[in-house]
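# An overview of the molecular structure
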Amino acid sequence: MLPERRSTVASSSYQNPSGQNDSNSLLFLRRGKKFGRIVKLKLSHFVFFFLSLFFFSCIFSGHKLLFHGSELLPHFEQNPYMNNHMEIDIGLNKSNIEKPPGSKKRNKHLPCEVALGESVDRILEPQDYLNFTRFSLGFVETQTHNKPRFGGHQTLNERERSYSAINQTIHCGFVKGFHQGTGFDLSETDRAYMKNCVISVSSCIFGSSDFLRRPASKKISEFSKRNVCFVMFVDEQTLVKLASEGHVPDKQGFVGLWKTVVVSNLPYTDMRKTGKVPKFLSHRLFPSSRYSIWIDSKMRLTTDPIQIIDFFLWRTKSEFAISNHYDRHCVWDEVLQNKRLNKYNHSAIDEQFMFYRSDGLKKFNPSDPNSPLPSYVPEGSFIVRAHTPMSNLFTCLWFNEVDRFTSRDQLSFAYTYLKLQRMNPDRPLRLNMFKDCERRALTKLFHHRVDSSPPA
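Notes on the structure in this doc start here. Numbering of residues starts from 1 in each chain and follows the order in which that chain's sequence is written. Confidence filtering applies because this is a predicted model: local features only for residues at pLDDT of at least 70, side-chain atom pairs given and counted only at 80 or more, and all residues used for totals across whole chains, interfaces and linings. The side-chain quantities take in all heavy atoms of the structure and omit both hydrogens and water.

Take the overall build of the chain next. Put simply, DSSP H or I for four residues or longer makes a helix, DSSP E for two residues or longer makes a strand, and each gets a number counted from the N terminus. When helices and strands are tallied, the chain shows 16 helices and 12 strands. Relative accessibility thresholds used throughout: buried, under 20% of the residue-type maximum; exposed, over 50%; partly exposed, between the two (1.4 Å probe, protein chains only). Buried residues in the chain amount to 46% of all 456 residues. Taking the contacts inside the chain whose residues are at least 6 apart along the sequence as the reference set, 83% of them involve residues at least 24 apart. Each accessible area value is a Shrake-Rupley result obtained with a 1.4 Å probe; residue values ignore everything except the protein chains displayed when judging cover. Of the accessible surface of the chain, which amounts to about 25600 Å², a share of 54% is contributed by carbon and sulfur atoms. Contacts are assigned to residue pairs that have any heavy atoms within 4.5 Å of one another.

Cysteine sulfur atoms are paired as a disulfide whenever they fall within 2.5 Å. As enumerated under the stated definition, the model contains three disulfides in all. One disulfide bridge connects C112 with C437, the sulfur atoms lying 2.1 Å from each other. Because the sign of the S-S torsion sets the handedness, a value of about 70° for the bond joining C112 and C437 places this disulfide among the right-handed ones. Of the two residues, C112 sits in the loop between α4 (80-85) and β1 (137-139) while C437 sits in helix α16 (residues 436-442), which places them 325 residues apart along the sequence.

What follows deals with the side chain of D296. Here D296 is to be found in the loop between β7 (291-295) and β8 (299-301). Neither His nor the chain termini are counted; the positive set is Lys and Arg, and the negative set is Asp and Glu. A pairing counts as a salt bridge when a side-chain nitrogen of Lys or Arg comes within 4 Å of a carboxyl oxygen of Asp or Glu. Although D296 lies buried, it forms no salt bridge, and the closest oppositely charged side chain, K298, sits 5.2 Å away as judged by the N-O distance. At 3.0 Å, the side chain of D296 and the backbone nitrogen of K298 are in polar contact. When neighbours within four sequence positions are excluded, D296 is seen to be in contact with S203, S381 and H448. Here a polar contact is recorded for every N or O atom pair within 3.5 Å, except that within protein the pair must consist of a potential hydrogen donor and a potential acceptor, and residues adjacent in sequence are included only if both atoms are side-chain atoms.

Before going further, it helps to examine the pairing of strand β11 (residues 431-434). In summary, the side chains of a regular strand alternate between the two faces of the sheet. What you see with β11 is no split at all: L431 and M433 on one side and N432 and F434 on the other are buried throughout. Pairing of strand β9 (residues 320-324) with β11, which is carried by four bridges, proceeds in the parallel orientation. Each bridged residue has a counterpart across the sheet, and for I322 the counterpart in β11 is M433. A strand pair is defined by DSSP finding two or more bridges across the two strands.

Attention now goes to the nonpolar core. Grouped together as the largest cluster of nonpolar side chains are 60 residues, with contacts concentrated most on F184, F233, W398 and F413. Mapped onto this core, the elements with two or more residues apiece are β4 (228-234), α9 (271-280), β9, α12 (331-340), α13 (346-358), α14 (389-404), α15 (409-423) and β11. The residues contacting F413, other than those within four sequence positions of it, are I322, L373, S375, Y376, P378, F394, W398, L431 and M433. Throughout, nonpolar core names a set of buried Ala, Val, Leu, Ile, Met, Phe, Trp, Tyr and Cys residues whose side chains join them through atoms within 4.5 Å. Listed in part, the 36 residues of the second largest apolar core include W258, L301, W314 and F382.

Take the packing of aromatic side chains next. Aromatic contacts are taken between Phe, Tyr and Trp rings whose centres are within 6.5 Å, Trp giving its six-membered ring; a plane angle under 30 degrees counts as stacked, one over 60 as edge-to-face, and the others as tilted. Enumeration over the complete set of coordinates arrives at 28 aromatic pairs. Ring centres of F230 and W258 lie 6.4 Å apart, and the angle between their planes is 80°; on these two criteria the pair is classed as edge-to-face. Pair noted here: F230 is in strand β4 and W258 is in strand β6 (residues 258-262), with a separation of 28 residues, a long-range link. For the pair shown, F230 and W258 are each scored as buried. Aromatic rings pair up to connect F150, F174, F184, F206, F233, Y268, F286 and F399 into one cluster. Its guanidinium or amino end placed over the ring of Y163, K419 lies 5.3 Å from that ring's centre, counting from NZ or CZ. Sitting over the ring of F211, R449 keeps its end group 4.0 Å from the ring centre. The rule for a charge over a ring is simple: NZ of Lys or CZ of Arg within 6 Å of the ring centre, and within 35 degrees of the ring normal.

On to unusual backbone geometry, then. At F174, a position not held by glycine, the phi torsion is positive, near 60°. By secondary structure assignment, the location of F174 is in the loop between β2 (168-170) and α6 (188-195). Judged by its relative accessible area of 10%, F174 falls in the buried class. Phi at K317 is positive, roughly 55°, even though this residue is not glycine. Along the polypeptide, K317 turns up in the loop between α11 (305-314) and β9.

Looking now at the pattern of salt bridges. Per the stated rule, a full pass over the model turns up 18 salt bridges. The closest approach of N and O atoms between R159 and E401, which form a salt bridge, is 3.0 Å. Of this pair, R159 sits in helix α5 (residues 156-161) while E401 is found in helix α14, placing the two residues 242 residues apart along the sequence. Each of the two residues, R159 as well as E401, counts as buried.

Two numbers describe a pair of packed helices, the interaxial angle and the distance between the axes. Orientation of α13 relative to α15, taken along the N-to-C sense of each, is 10°, at an axis distance of 11 Å. Taken together, the axes of α13 and α15 lie roughly parallel to each other. For α13 against α15, the interelement crossing comes out left-handed. Facing I349, Q352, F355 and Y356 of α13, the residues of α15 in contact are L411, S412 and Y415. Following the grouping adopted for this structure description, the nonpolar residues are Ala, Val, Leu, Ile, Met, Phe, Trp, Tyr, Cys and Pro, the charged ones are Asp, Glu, Lys and Arg, and the polar ones are all others, Gly among them. Per-class residue counts for the contact of α13 with α15 are five nonpolar, two polar and no charged. Angles run from 0 to 180 degrees between N-to-C directions of axes, and those axes are lines fitted to C-alpha atoms, restricted for helices to the stretch in contact. Any angle between 65 and 115 degrees counts as roughly perpendicular, while under 35 counts as roughly parallel, over 145 as roughly antiparallel, and the rest as oblique. Two helices that cross are described as forming a left-handed crossing if the nearer one is turned anticlockwise from the farther one by less than a right angle, and a right-handed crossing if clockwise.

Most of α12 sits out of view: eight of its 10 residues are buried. The complete set of buried residues in α12 reads V331, W332, E334, V335, L336, Q337, N338 and K339. Phi turns positive, to about 55°, at N342, one or two residues after α12.

A word on the environment of P249. Mapped onto the fold, P249 is located in the loop between α8 (236-244) and β5 (254-255). Between the alpha carbons of P249 and T260 there is a distance of 7.3 Å; along the sequence they are 11 residues apart. In this view, P249 contacts L239, F254, V255 and T260; residues no more than four positions away in its chain are not counted.

Below, the structure is given as structure tokens:
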């Protein structure tokens, strides 16, 4: 800019040939430039004012500003939940679902206060507690079939009759084939140990799918350490893996409070389905046990078992206790979530779900004050139960559904319970479905080492 200003000054001293100074022209030029600068400044202020006015009018009038074209996408393209939904018509209307079960926005679930008994020494079993429905329940032991199965070959007519709470013999795993064992084979020493258990706490790790998480010894009373059996079922592969991590069993097979019981001849190639055997059939594995607690291997027990049984069973006069799911309460949502996360073969899930719907399964209605359950989807990692006839029947029926269909037991829980209640209106199962925050207060949760792949 400086050279231009010098040239202007030089020209201002220039005299035309007539000898007159061109001062009038120079004054007009300077006034013109000053007027131009003023006009530009005013114009910029004017444009800025109108842009600001337009911007604030958009905000206050509630208009949406489109960024990256997100508002232009069709709803089903933005929502992967609806993509999965379109695979099969399972009776879901997208307008009825406020939030997809698979949303990335996860709530933080915290434990809540649980009013446990202060001391195990002061907790006594109520004298009239076991006054529940009584009937004789036997189990199918052998079946002659070309292809023996651990769960046997139950016909649909046998399945229908098994839901009646009457004196009967039903399928409940451990079915022997012709000259063949049942699967889930245990040593005679371990069988003898488990036969003497009156109260059992059990878990399992198969296929090295998890770490060994020992119960918090300081939280367990001396009474429970002497009178409660803590049994961890493992296969040979897991036993070797745990030993390499420093969990070497002593001469009696104990690692801390856990008594490791090695299972051979696993009945299923699906490790999740194999894990349902100790989860549901504790009354068969511990034939003398009156109470049992199931805890998933992703959890560490931090509460005394007697306090747990007292709180969930004795005080509520219940024979089976399980927590509701922390996020989902309708089987429809659970089906979609399992498919979205590829937890199991989609066709197998659809087959199971359509079978249940054809047999009367309805959507969960949270506004119904007469709903038989506070939720149709459980958090099945923590189960407390008395080994009563009705409780044993329910878990046998639940296991048979897992054996017949998929290993996703949260899909079959509500159907099994509701059908059992429907067929036995005068013989109810005393089920306590407690809050998930109570489950979190009594255990410590971890992630699985390996999330086993679903079967093909």
